[in-house]
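A structural walkthrough
Each chain, written out:
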Amino acid sequence: MPPVFAHGRLRLYLLKLLDEAPRHGYEVIRLLEERFQGLYAPSAGTVYPRLAKLEAEGLVTHATEGGRKVYSITDAGRAELADRGGELADLEVEIRDSVTELAAEIRDDVRGAAGDLRREMRAAASASATRVEDESWKAAKEDLRKARQEWKEQARRAKDESRRAREEAQQARRQAKEAQERAREEVQRIAGQLQEQFARSGGVLGSLAGAWLGGAPAAGSADASADASAAGADGDAGRASQWAADLAATGDPARDLDRLLDRFRDEVRDAARDRGVTSAQVAEARRHLEAACGRLGTTFGAGS
């Protein structure tokens, strides 16, 4: 018999069942049997250890009701389920395929049994051609009829389950796609708000880009600031052409600027993590960023 669940997939499907509603272990086993139309039913030795492991990982929890453990999914479990939405959709397709394979095996078994029975009946008929059909012959015919009827019923249930699994998989894919689209629109909305704020005030956007590209000096004297501004103006083009040269232009200036800021932030964080940072260095960085903010604020003001 082919495996019903690939490695790790039963664990994911248990989270799906608990996300639908809290359930005790026996109910989970019964639901799995119903989903497979009685063609497959996991044992308690398969389900309960996996529920215990999910609870140890903080993905499910349980409460005792009437002497039985009722399992519920946690926020962490829902988060994993959301992250694996595409995998869950594939799992529904796998379940449908498993039902089809199991039904095919049952059909082959029934066909084999029916073939054996027909051969046996032909042999009996050949040996007793003139014998009047007796009760055993009638019973054999009835067994064959029942076997055919059972096969037809199992085939029908497997077909219905396959159709439902396909519909559920399509719905899961649609929901995953809609969730991704909503997340993308939310990111774009937030980015638009930030860009509007930065355009009005110069804010942190100007300070971060200026600190990297302009190399603004620490606040200390007006002459030092002026010299650094002049030097920064001469060196900006050279630095910009070398630093982050691998980030090709996308045709969207706002997006290009966001990518530069992401690169700047990551490199500063990596440097601080690798080399450590002191309070004095934080104060020095604040002065650099303040000067850079003023420079880019002026740049964006002139561009508007």
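Above: the structure in question.
Scope of this entry: the structure provided in the associated data block. (Residues numbered from 1 in each chain as written. Predicted model: local features only at pLDDT ≥ 70, side-chain atom pairs only at ≥ 80, totals over all residues. Heavy atoms only, no water.)

1. Thoughts on the overall build of the protein chain
When its secondary structure is counted, the protein chain shows 10 helices and three strands. When the elements of the protein chain are put in sequence order from the N terminus, they spell out α-β-α-α-β-β-α-α-α-α-α-α-α. Considering only intrachain contacts with a sequence separation of at least 6, the fraction spanning at least 24 residues in the protein chain is 65%. With an accessible surface of roughly 19,100 Å², the protein chain has 52% of that area assigned to carbon and sulfur atoms. (Helix = DSSP H or I, 4+ residues; strand = E, 2+ residues; numbered from the N terminus. Contact = heavy atoms within 4.5 Å. Areas by Shrake-Rupley, 256 points an atom, 1.4 Å probe, with all protein chains shown as cover.)

2. Examining the environment of Y26
Mapped onto the elements, Y26 comes out in helix α2 (residues 25–35). Placed 22 residues apart in sequence, Y26 and Y48 show a C-alpha to C-alpha distance of 9.1 Å.

3. Looking at the sheet that holds strand β1 (residues 23–24)
The strand order β1-β3-β2 describes an open sheet built from three strands, whose pairing is antiparallel. Two strands close off the open sheet at either side, each with one partner strand: β1 and β2 (60–65). Pairing of β2 with strand β3 (residues 68–73) involves six bridges; the strand directions are antiparallel. Paired with E65 across the strands is R68, a residue of β3. Helix-sheet contacts for helix α1 (residues 9–20) involve β1, β2 and β3, and the interaxial angle to β3 is about 95°. In this fold helix α3 (residues 44–56) packs onto β2 and β3, with an angle of close to 115° to the strand it touches most, β2. (Pairing = 2+ DSSP bridges. Axes fitted to C-alpha atoms, helices over the stretch in contact; angles between N-to-C directions.)

4. Quick notes on helix α4 (residues 75–83)
Because the α-helix completes a turn every 3.6 residues, residues three or four places apart line up on one side. Taken as a whole, α4 has its buried residues at G77, E80 and L81. One side of α4 carries all its buried residues, which in axial view fall inside an arc of 100°. With respect to the buried face of α4, the exposed residues turned more than 90 degrees away are D75, A82 and D83. (Buried < 20%, exposed > 50% of the residue type's maximum accessible area, 1.4 Å probe, protein only. Arc of directions from axis to C-beta.)

5. With respect to the side chain of T74
Within the element layout of this structure, T74 appears in the loop between β3 and α4. Of the polar contacts made by the side chain of T74, one reaches the backbone oxygen of G58; its length is 2.7 Å. Discounting residues that sit within four places of it in the chain, T74 has contacts with G58, L59, V60 and T61. (Polar contact = N/O pair within 3.5 Å; in protein donor to acceptor, adjacent residues only side chain to side chain.)

6. Quick word on α3
Taking 1.5 Å per residue as the helical rise, α3 with its 13 residues ought to reach 18 Å, and the 18 Å between its terminal C-alpha atoms agrees with that figure. Here α3 has its buried residues at V47, L51 and L54. The buried residues of α3 occupy an angular sector of 60° when projected down its axis, which confines them to one face. For α3, exposure combined with an orientation more than 90 degrees from the buried face picks out G45, K53 and A56. At its buried positions, α3 is contacted by α1, α2, β2 and β3. In the segment just after α3, G58 is the residue with positive phi, at about 80°. (Expected span 1.5 Å × (residues − 1).)

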